[in-house]
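# Survey of secondary and tertiary structure
In case you want the letters, here they are:
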Amino acid sequence: MHQLTHRPPRLAAGVELETRGPIDVATVHVTFQPGGSTGWHVHPGPALVTVKTGQLALHRAKGCRARTFHPGQTFIELGPKDLNLTRNETSGVAETVVTFLLPVGAPITVDAPAPKHCPL
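So, here's what we can say about the structure. All of these numbers come straight from a predicted model, not from anything done at the bench.

## Considering the overall build of the chain
- A tally of helices and strands in the chain yields 0 helices and 10 strands.
- Seen in sequence order, the chain has helices and strands lined up from the N terminus as β-β-β-β-β-β-β-β-β-β.
- Going through the 120 residues of the chain one by one, you find that 36% of them count as buried.
- In the chain, the share of contacts with a sequence separation of at least 24, taken over all contacts with a separation of at least 6, comes to 72%.
- Per element, the accessible surface of the chain, about 7,100 Å² overall, is 57% carbon and sulfur.

## Remarks on the nonpolar core
- Counting 13 residues, the largest nonpolar core has Val51, Leu56, Phe69, Phe75, Val98 and Phe100 as its most contacted members.
- Mapped onto this core, the elements with two or more residues apiece are strand E4 (47-53), strand E5 (56-60) and strand E9 (94-103).
- It is E9 that provides the largest number of residues to this core, a total of 4 residues.
- Apart from the residues within four sequence positions on either side, Val98 is in contact with Ala26, Thr27, Val28, Val30, Ala47, Leu48 and Val49.
- Ranked by size, the runner-up nonpolar core spans 6 residues in total, among them Trp40, Ala61, Leu85 and Cys118.

## Quick word on the pattern of salt bridges
- This structure, assessed with the given rule, holds 2 salt bridges.
- Residue Asp82 is joined to Arg60 by a salt bridge in which the shortest nitrogen-to-oxygen separation is 2.4 Å. Linking Asp82 in the loop between strand E7 (74-77) and strand E8 (84-87) with Arg60 in strand E5, this pair joins segments that are 22 residues apart in sequence.
- The residue Arg87 makes a salt bridge to Glu89 at a minimum N-O spacing of 2.9 Å.
- Judged by relative accessible area, which is 23%, Arg87 ranks as partly exposed.
- What makes Glu89 partly exposed here is its relative accessible area of 45%.

Reading the values: rules and limits
Residues numbered from 1 in each chain as written. Predicted model: local features only at pLDDT ≥ 70, side-chain atom pairs only at ≥ 80, totals over all residues. Heavy atoms only, no water. Helix = DSSP H or I, 4+ residues; strand = E, 2+ residues; numbered from the N terminus. Buried < 20%, exposed > 50% of the residue type's maximum accessible area, 1.4 Å probe, protein only. Contact = heavy atoms within 4.5 Å. Areas by Shrake-Rupley, 256 points an atom, 1.4 Å probe, with all protein chains shown as cover. Core = buried A, V, L, I, M, F, W, Y, C linked by side-chain atoms within 4.5 Å. Salt bridge = Lys/Arg side-chain N within 4 Å of Asp/Glu carboxyl O.

Here it is as structure tokens:
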């Protein structure tokens, strides 16, 4: 993992990132088989998810809403209060690239129980 300091670093295209302290940055490639899912979970910090191939449905516990994302689209999982589940609801493989911004030493994902109000 790459660690950033709390000083706002200047990134490509003039984007600045300001954090409340040092963070770890991790980027992973995640493949979802047909019907595959992350299970209900949260992240200690935001996660930027870009769909490379296939399509994925993001189910958020808040409001029990779902939205489908296609290749080239990106969504953000907002951190520890954003309980969600990502699932491949198609018959093809889906691939993503996920960049996590995490407190230093934090796990990438924390499993969580399914919300009672949101049947899946």
